[in-house]
Amino acid sequence: MENENFQKFREDTLQSLGLEKVNSGIFNGKWVTTANKSKIRSMSPIDGLVNSEITLAERKDFDGMVRNLSRVFEEWREYPAPKRGEIIKALGDALVKDKTRLGALVSLETGKTVSEGEGEIQEMIDIAYFASGLSRQLYGLTMGSERPHHRLYEQWLPLGTIAVISAFNFPSAVWSWNAMVAAVCGDTTLWKPSTKAALVAVGVMKSISETLSNLGAPPIFGLMVSRGSEGGEWISNEPSIPLVSFTGSTATGKKIYETVSRRVGRVILELGGNNCAIVSNRCDMKLALKGVAFGALATAGQRCTSTRRAVVHEDIYEEFVKNLKDIYKKVKIGNPREPGVLVGPLIDRKAVEGYFSSLKEAEKEGGKILVGGTVKTIPGLENGHYVAPTIVEANPNMNIVRSETFAPILYVFKYRDLNEALRIHNNVPQGLSSAIFTTDLREEEVFLSARGSDCGIANVNTSTAGAEIGGAFGGEKETGYGRESGSDAWKAYMRRQTVTKNYGMDIPLSQGVKFEV
Ligand code: UN1
């Protein structure tokens, strides 16, 4: 029964978006024909079966796309920024209408719950509206010149065609953080999505390219589904792509960083996270439990921002861990389209293997599994990739707790004083998100001080996961480089130009230098 229902959901979702058969994975002003192209299959982790097929780009498709997007850039950069903003606002409006259908597609291909799938599209809508407002706020500074009759200021100009390489776990939202902002900045964007969630990219690009064309706007976004390493190399080596924004593993991120730096290009890297929540003895217990549970369980622990470690004050450790275990035992795991289900599947078989190998490693190093540690078989969805969310009582010096496993595994530790908690907290190579649960103002401020959290995101009394688009998103240390989404992250998508104008009758020189000819 379950699989019949799910099959019907698959058919309805694909049909509502026209994605049933072989889909082109190449949009370059128009969809490139699917004849004679090699293909990949889009799979659903919910039942492990095929959704539909997508064609892969070849080198010549990439070259053609770079050429076209450069041409479109020359047109797009002539649009006044607020006009670009109006177009991006219209994209947001169109996504509002498509939210349910596209949200369902996100669920289908990534295994997110209904509300998380729709949340993904909401995140795109939010950034579209943010970017639209931003289009009137691309401010430069004015300085007082040291020379008489001189004006000194800076202005921000579009960069060119940028590339966004996105991951499966936020298959469209993270692309939109980059692409929508880049668009109001005057750039065009080449999108290489993860092959594990490429159908979402195709569905989103269909909706967006139609809206752009209905508005009479140029095709400022290109889509290129390609095998990961191949497409990544084309992009990284392409001198006419000034900025590569990559979300994914630290290992791949390092390669991209190296290649792009060799040609003095720019990068934004959003790599692994290993996010920790400090749970103080002065916390609001209910709130801390919900915050840690959401952080560790949402998206089945497959967010960059997922809570992977909880360091809990020894006075409340037993109580906190017991309560958390109760939540884990109660939480509904299964078909994420079903009401009440909070934990869906992992993305694929390999992710399940990763879950088990990390747990094996943790046990070898002395960790103790308190709850979970098994596969979950969901009746009717036997080929789906479900695992039981797991809590491991661990020691912060274990090797395994220093690396990120994209699965619902939470390591818990005890601490005695806040300095110790902070040491444990910061003692990992990654630095994306962090949280403290406390009602004590002093603890909160220490956590936010220079000797506190060393992460790009620091939260008080709320989860490590679930950032809003309005803030700048990104991390420190091995998590990467740069920021995307809100605040002043837009500056990465533009080039800064410092302008000096002389309106006098002479050329006085700076620093008092004399040069008489
Ligand atoms: C990611 O996992 O790459 O903050 C992005 C969050 C989401 C975005 C996560 N808004 O959890």
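The text that follows walks through the structure, step by step, so that each part is easy to find.

What counts, and where the lines are drawn
- Residues numbered from 1 in each chain as written.
- Predicted model: local features only at pLDDT ≥ 70, side-chain atom pairs only at ≥ 80, totals over all residues.
- Heavy atoms only, no water.
- Buried < 20%, exposed > 50% of the residue type's maximum accessible area, 1.4 Å probe, protein only.
- Helix = DSSP H or I, 4+ residues; strand = E, 2+ residues; numbered from the N terminus.
- Pairing = 2+ DSSP bridges.
- Right-handed = clockwise from strand over helix to strand, strands pointing away.
- Phe/Tyr/Trp six-rings, centres within 6.5 Å; stacked < 30°, edge-to-face > 60°.
- Lys NZ or Arg CZ within 6 Å of the ring centre and 35° of its normal.
- Salt bridge = Lys/Arg side-chain N within 4 Å of Asp/Glu carboxyl O.
- Near = heavy atom within 4 Å.
- Polar contact = N/O pair within 3.5 Å; in protein donor to acceptor, adjacent residues only side chain to side chain.
- 1 Å grid on protein atoms, 1.4 Å probe; cavity = no way out; pocket = protein on both sides within 12 Å on 5 of 7 lines; lining within 4 Å.
- Sits in = over half its atoms within 2 Å of the grid points.
- Points joined across faces, edges and corners; volume = space filled by probe spheres on them.
- Nonpolar A, V, L, I, M, F, W, Y, C, P; charged D, E, K, R; others polar.
- Core = buried A, V, L, I, M, F, W, Y, C linked by side-chain atoms within 4.5 Å.
- Domains from an automatic or database assignment.
- Contact = heavy atoms within 4.5 Å.
- Axes fitted to C-alpha atoms, helices over the stretch in contact; angles between N-to-C directions.
- Patch = residues over 30% accessible without salt bridge, like charges linked within 9 Å, V, L, I, M, F, W, Y side chains within 5 Å.
- Areas by Shrake-Rupley, 256 points an atom, 1.4 Å probe, with all protein chains shown as cover.

**A closer look at the pairing of strand 11 (residues 266-270)**
Among the five residues of strand 11, four are classified as buried, and the element is accordingly described as predominantly covered. The sheet contact formed by strand 10 (residues 243-247) and strand 11 spans five bridges and is parallel. If you follow Phe-246 over to strand 11, its bridge partner there is Leu-269. In this fold, the crossover linking strand 10 to strand 11 by way of helix 8 (residues 250-262) has right-handed handedness.

**Let's talk about the packing of aromatic side chains**
The final tally for this structure, using the stated rule, is 11 aromatic pairs. Where Trp-76 meets Tyr-79, the ring centres are 4.9 Å apart and the plane angle is 45°; that geometry is what we call tilted. Exposure remark for Trp-76: the relative accessible area of 0% places this residue in the buried category. Of the residues examined, Tyr-79 reaches a relative accessible area of 22% and is grouped as partly exposed. Plain terms: the ring middles of Trp-175 and Trp-191 are 4.2 Å apart, the flat faces sit at 10° to each other, and that makes the pair stacked. Of the two residues, Trp-175 sits in helix 5 (residues 173-185) while Trp-191 sits in strand 8 (residues 188-192), which places them 16 residues apart along the sequence. With respect to class, Trp-175 is no different from Trp-191; both count as buried. An aromatic cluster is built from Trp-175, Trp-191 and Phe-221, whose rings are joined through pairwise contacts. Sitting above the plane of the Phe-170 ring, Lys-112 keeps its charged end 3.5 Å from the centroid. Across from the ring centre of Tyr-317, 5.0 Å away, lies the NZ or CZ of Lys-414, which sits over that ring.

**Focus: the pattern of salt bridges**
What the rule picks out here adds up to 23 salt bridges. Note that Lys-491 is salt-bridged to Asp-488, the shortest N-O span being 4.0 Å. Among the charged side chains, a salt-bridge network with shared partners connects Lys-37, Glu-58, Lys-60 and Asp-61.

**Observations regarding the site of the ligand**
Near the ligand you find Glu-123, Asn-169, Phe-170, Trp-177, Glu-270, Arg-303, Cys-304, Thr-305, Ala-465, Gly-466, Ala-467 and Phe-473, and these make up its full shell. At a separation of 3.0 Å, a nitrogen atom of the ligand approaches a polar side-chain atom of Glu-123. Contacts to the ligand include Arg-303, whose side-chain N or O atom sits 2.8 Å from an oxygen atom. If you map the ligand onto the pockets, it falls in the second largest pocket.

**Considerations on the layout of surface pockets**
Roughly 1300 Å³ of internal volume is contained in the largest pocket. Taken together, 41 residues form the lining of the largest pocket, with Lys-196, Gly-248, Ser-249, Thr-252 and Lys-350 sitting closest to its centre. When contributions to the lining of the largest pocket are tallied by element, the ones reaching two or more residues are helix 7 (228-237), strand 10, helix 8 and helix 11 (349-364). Split into classes, the residues belonging to the lining of the largest pocket amount to 13 nonpolar, 21 polar and seven charged.

**Structural notes on the nonpolar core**
Core analysis: the biggest nonpolar cluster contains 131 residues, and Trp-175, Phe-221 and Phe-320 have the highest contact counts within it. A per-element tally of this core places helix 5 first, with 11 residues. Each of domain 1 (27-271 + 479-497) and domain 2 (275-470) contributes no fewer than three residues to this core. What Phe-320 contacts, discounting residues up to four positions off in sequence, is Val-279, Met-285, Ala-288, Leu-289, Val-292 and Val-312.

**Comments concerning the sheet that holds strand 16 (residues 409-415)**
Across the sheet, seven strands lie side by side as 14-15-16-13-12-18-19; this open sheet has mixed pairing. Strands with a single pairing partner mark the edges of an open sheet, and in this sheet they are strand 14 (368-371) and strand 19 (457-460). Across the sheet, the mean angle separating the axes of adjacent strands is 25° when strand polarity is ignored. Across four bridges, strand 18 (residues 433-437) lies against strand 19 in parallel orientation. Bridge pairing in strand 19 places Ala-435 opposite Asn-459.

**Some details on empty space enclosed by the protein**
Think of a ball as big as a water molecule: rolled over the atoms, this probe shows where empty space is left. Under the defined criterion, the tally for this structure stands at three cavities of 30 Å³ or more. By volume, the largest cavity amounts to about 40 Å³. Lining the largest cavity we find Thr-110, Gly-111, Lys-112, Thr-113, Glu-116, Thr-299, Ala-300, Gln-302, Leu-342, Gly-344 and Pro-345. Its residues assigned to classes, the lining of the largest cavity comprises three nonpolar, six polar and two charged. A domain split of the lining of the largest cavity shows at least three residues from each of domain 1 (27-271 + 479-497) and domain 2 (275-470).

**Section: a nonpolar patch on the surface**
A grouping of Ile-507, Leu-509, Val-513, Phe-515 and Val-517 is seen on the molecular surface, where their side chains present a nonpolar patch of about 590 Å² in accessible area. For Val-517, the position within the fold is in the segment after strand 24 (494-502).

**As for the sheet that holds strand 22 (residues 480-481)**
With mixed pairing, seven strands are arranged side by side in an open sheet as 2-9-8-7-10-11-22. Here the strands that pair on one side only, and so sit at the sheet edges, are strand 2 (26-27) and strand 22. Across two bridges, strand 11 lies against strand 22 in antiparallel orientation. The partner of Glu-270 across the bridge, within strand 22, is Gly-480. Here helix 2 (residues 59-76) sits on the sheet and contacts strand 2, strand 7 (161-165), strand 8 and strand 9 (221-224); the angle it forms with strand 8, its principal contact strand, is near 155°. Seen against the sheet, helix 5 touches strand 7, strand 8, strand 9, strand 10 and strand 11 and runs at an angle of roughly 165° to strand 8.

**Some details on the environment of Thr-500**
Relative to the helices and strands, Thr-500 resides in strand 24. Relative accessible area serves as the criterion here: at 40%, Thr-500 is assigned to the partly exposed category. For the pair formed by Thr-500 and His-150, sequence separation is 350 residues and the distance between their alpha carbons is 6.8 Å. Every residue in contact with Thr-500, bar those within four places of it in the chain, is listed here: Arg-147, His-150, Arg-151 and Leu-152.

**Quick notes on helix 7**
Those residues of helix 7 that fall on the buried side of the exposure criterion are Gly-231, Gly-232, Trp-234, Ile-235 and Ser-236. The inward-facing, buried residues of helix 7 contact helix 2, strand 7, strand 8, strand 9, strand 10 and helix 8.

**Remarks on the pairing of strand 10**
Within a regular strand, the side chains alternate between the two sheet faces. Across the five residues of strand 10, five count as buried, placing the element largely inside the fold. Covered by surrounding structure in strand 10 are Leu-243, Ser-245 and Thr-247 together with Val-244 and Phe-246, the residues of both alternating faces. Pairing between strand 7 and strand 10: three bridges, direction parallel. Within the sheet, the bridge partner assigned to Ala-163 lies in strand 10 and is Val-244.

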